[in-house]
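Chain by chain, the residues:
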2 protein chains.
Amino acid sequence: MNVTVVGLGLMGGSFAMALRKNQLADQVFGVDRLSEHEKEALELGIVDQCVKLEEAISTSAVIVLATPVDVLLQQVSDVLDRMSPSQFLIDLGSTKFKLTERVKDHSLRGRYVASHPMAGTENTGPKAAFANLYSNAINVICDRQSSDSEAIDLALKLFDGIGMKTVFMEAKDHDKHVAYISHLSHVSSFMLGLTVLNKEEDEKNIANLAGSGFESTVRLAKSSPDMWAPIFAQNKMEVSTALGEYINHLKTFKKMIDEEDQQGMKNAMNQANDIRKILGKS
Amino acid sequence: MNVTVVGLGLMGGSFAMALRKNQLADQVFGVDRLSEHEKEALELGIVDQCVKLEEAISTSAVIVLATPVDVLLQQVSDVLDRMSPSQFLIDLGSTKFKLTERVKDHSLRGRYVASHPMAGTENTGPKAAFANLYSNAINVICDRQSSDSEAIDLALKLFDGIGMKTVFMEAKDHDKHVAYISHLSHVSSFMLGLTVLNKEEDEKNIANLAGSGFESTVRLAKSSPDMWAPIFAQNKMEVSTALGEYINHLKTFKKMIDEEDQQGMKNAMNQANDIRKILGKS
């Protein structure tokens with residue numbers, strides 16, 4: 001079985017490497033719009049060879065799309081148009097509702113599995129890819145009932161095979177949850193970076209004083225704008241709601257600071273401490 | 001030379017361990033208002049013995065205060081009152097302006113070194129302490145000119161000895177910088193945790209979907225409310241200003257999301273990406 005991965009950045013590149021490492025495909029083909037990325041992917045052993053998308057579709061049992069979500073919107077539909085009913089399509093995009101809506105009436109919808117592996121780093125491009133990115137992480141498959149059981153089985157074989165645990169969810173619920181759990185963290189971190197950079201013109205002060213706490217909180221501000229702008233736009237209702245709630249909490253807390261209401265601050269922080277129960281003590 | 005550390009939590013406990021590990025004191029005495037903490041500190045080998053503060057002052061060449069900043073405000077003054085001119089006082093508090101203002105006219109001000117080692121984790125208590133917390137981190141000494149050179153030399157001997165690099169800064173500048181670099185990160189993270197917890201009543205969804213990005217951004221939300229409320233209150237002008245700017249950036253970004261202004265979002269995120277230059281690519 002040959003698998004083609006389209007988009008050889010962090011997500012797609014790591015997926016291709018994980019497939020190869022776990023011997024889940026005879027050959028892993030790569031497609032990227034940038035020839036430089038294809039060259040790097042070959043040099044780094046991310047894929048067996050790079051091919052044109054047309055050729056990939058005609059020679060692969062499975063096509064995996066790992067492109068930015070604005071590209072995906074058209075690409076999922078395009079690839080389904082050109083696929084045969086014996087092939088499978090999987091995407092790894094971070095938003096799911098618009099995508100699944102777009103192709104819900106496609107004759108080959110059953111061959112498509114809408115997925116979102118919950119893994120990533122703040123780095124981008126083929127050089128950022130590594131075979132263990134997905135190990136022990138959670139994968140979400142959306143709208144399971146819209147995919148053929150054969151397609152779900154194939155997808156699970158791949159996701160299980162690279163060490164992921166899959167949960168199932170409706171696309172709408174997925175988009176709401178990730179707005180809070182993932183997209184909001186990114187906005188919060190991007191804007192923290194911006195606030196500090198705008199204020200601290202002397203970079204040396206930042207470099208000098210930044211402890212591990214700041215580094216941790218601002219880490220996602222290094223993420224790719226080209227990947228994230230389309231995600232925020234596609235999930236705008238949910239992200240905007242989450243962000244509005246976040247801003248309200250910050251305003252309430254600012255008021256407590258202004259009033260030196262230490263008890264109020266402590267109560268809010270004590271509530272926030274409950275995140276410890278969920279994430280563990282690490 | 002005997003050193004007493006008052007407050008045997010993460011900061012003080014780690015400082016005591018680092019002194020012992022690097023053989024910078026003959027004996028390290030510990031003082032904590034909780035007898036349970038003193039017991040743990042002895043069991044964990046954090047200090048040689050626990051003593052009363054009175055006894056500590058009479059038998060130590062150096063007193064190191066590692067208590068919450070609201071306690072410090074009185075304690076720095078009290079200890080200076082009871083010290084002899086041959087002794088030294090160091091504090092490790094996260095805010096410096098109010099503290100230095102309070103004792104600026106004290107007859108023993110020269111024996112006091114106002115310090116802020118830029119290190120920490122989200123964990124608290126003696127069990128959170130470890131000898132390498134301060135290794136390779138930056139220490140800030142404020143208002144150098146207000147301390148005797150003998151006191152500065154002693155402080156540097158200890159901070160250098162535990163592997164820190166010291167920079168000098170005015171207390172007012174320190175408080176402004178840490179509002180952005182440290183205090184704002186904590187507010188941002190506490191409120192992120194609160195927003196997600198309030199929305200996601202089903203804890204399983206959080207635990208399931210939280211990737212490493214969320215964990216990193218929300219990590220500081222596990223920090224101690226009793227330690228942080230006094231810091232925010234003591235540095236309220238600077239923290240409130242920083243927080244106000246952060247909220248404004250978030251509001252601007254929310255508007256871009258609402259308007260699907262992807263170019264605006266990309267510009268803002270590209271600016272934020274510059275944090276990469278400062279923090280490195282790790």
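Here the structure is shown first, and the text comes after it.
Being a predicted model, the structure only gives us computed values, none of them experimental.

### Overview of the interface of chain B and chain A
Moving on, step 1. Taken together, the contact between chain B and chain A spans 88 residues of the former and 88 residues of the latter.
Moving on, step 2. In total, about 8900 Å² of surface goes out of reach between chain B and chain A, with carbon and sulfur atoms giving 66% of it.
Moving on, step 3. Considering only the surface of chain B that becomes buried against chain A, Ile-181, Leu-209 and Lys-222 of chain B emerge as the three largest contributors, covering 9% of it.
Moving on, step 4. Taken together, the links from chain B to chain A amount to 6 salt bridges.
Moving on, step 5. Across the pair Lys-236 of chain A and Glu-260 of chain B runs a salt bridge, and its minimum N-O distance is 3.3 Å.
Moving on, step 6. Split by residue class, the side of chain B that touches chain A holds 44 nonpolar, 26 polar and 18 charged.

### A few points about unusual backbone geometry
Moving on, step 1. Even without being glycine, Glu-260 of chain A reaches a positive phi, approximately 50°.
Moving on, step 2. Inspection of the secondary structure puts Glu-260 of chain A in the loop between helix 11 (236–258) and helix 12 (262–273).

### Quick notes on the pairing of strand 1 (residues 2–6) of chain A
Residue and element names in this part refer to chain A.
Moving on, step 1. Within strand 1, 4 of the 5 residues are buried, which leaves it mostly tucked inside the rest of the structure.
Moving on, step 2. Sheet analysis places strand 1 next to strand 2 (residues 27–31), joined by 5 bridges and oriented parallel. Within strand 2, the position partnered with Val-6 by the bridge is Val-31.
Moving on, step 3. With respect to chirality, the unit in which strand 1 leads through helix 1 (residues 10–21) into the neighbouring parallel strand 2 is right-handed.

### Comments concerning the relation of the copies chain B and chain A
Moving on, step 1. Once chain B is rotated about the relating axis by 180° and shifted along it by 0.0 Å, it coincides with chain A to within an RMSD of 0.0 Å. Taken together, the rotation angle and the small translation identify this as a two-fold axis. Of the C-alpha atoms belonging to chain B, the one lying closest to the rotation axis is found on Thr-217 of chain B, 2.1 Å away.
Moving on, step 2. Most of the interface of chain B is mirrored in chain A: 100% of its interface residues are interface residues there too.

Criteria and cut-off values
Residues numbered from 1 in each chain as written. Chains lettered and ligands numbered in written order. Predicted model: local features only at pLDDT ≥ 70, side-chain atom pairs only at ≥ 80, totals over all residues. Heavy atoms only, no water. Contact = heavy atoms within 4.5 Å. Buried area = accessible area lost by both parts, 1.4 Å probe. Salt bridge = Lys/Arg side-chain N within 4 Å of Asp/Glu carboxyl O. Nonpolar A, V, L, I, M, F, W, Y, C, P; charged D, E, K, R; others polar. Helix = DSSP H or I, 4+ residues; strand = E, 2+ residues; numbered from the N terminus. Buried < 20%, exposed > 50% of the residue type's maximum accessible area, 1.4 Å probe, protein only. Pairing = 2+ DSSP bridges. Right-handed = clockwise from strand over helix to strand, strands pointing away. Least-squares fit on C-alpha atoms with pLDDT ≥ 70 in both.

Structural measurements only, silent on function.
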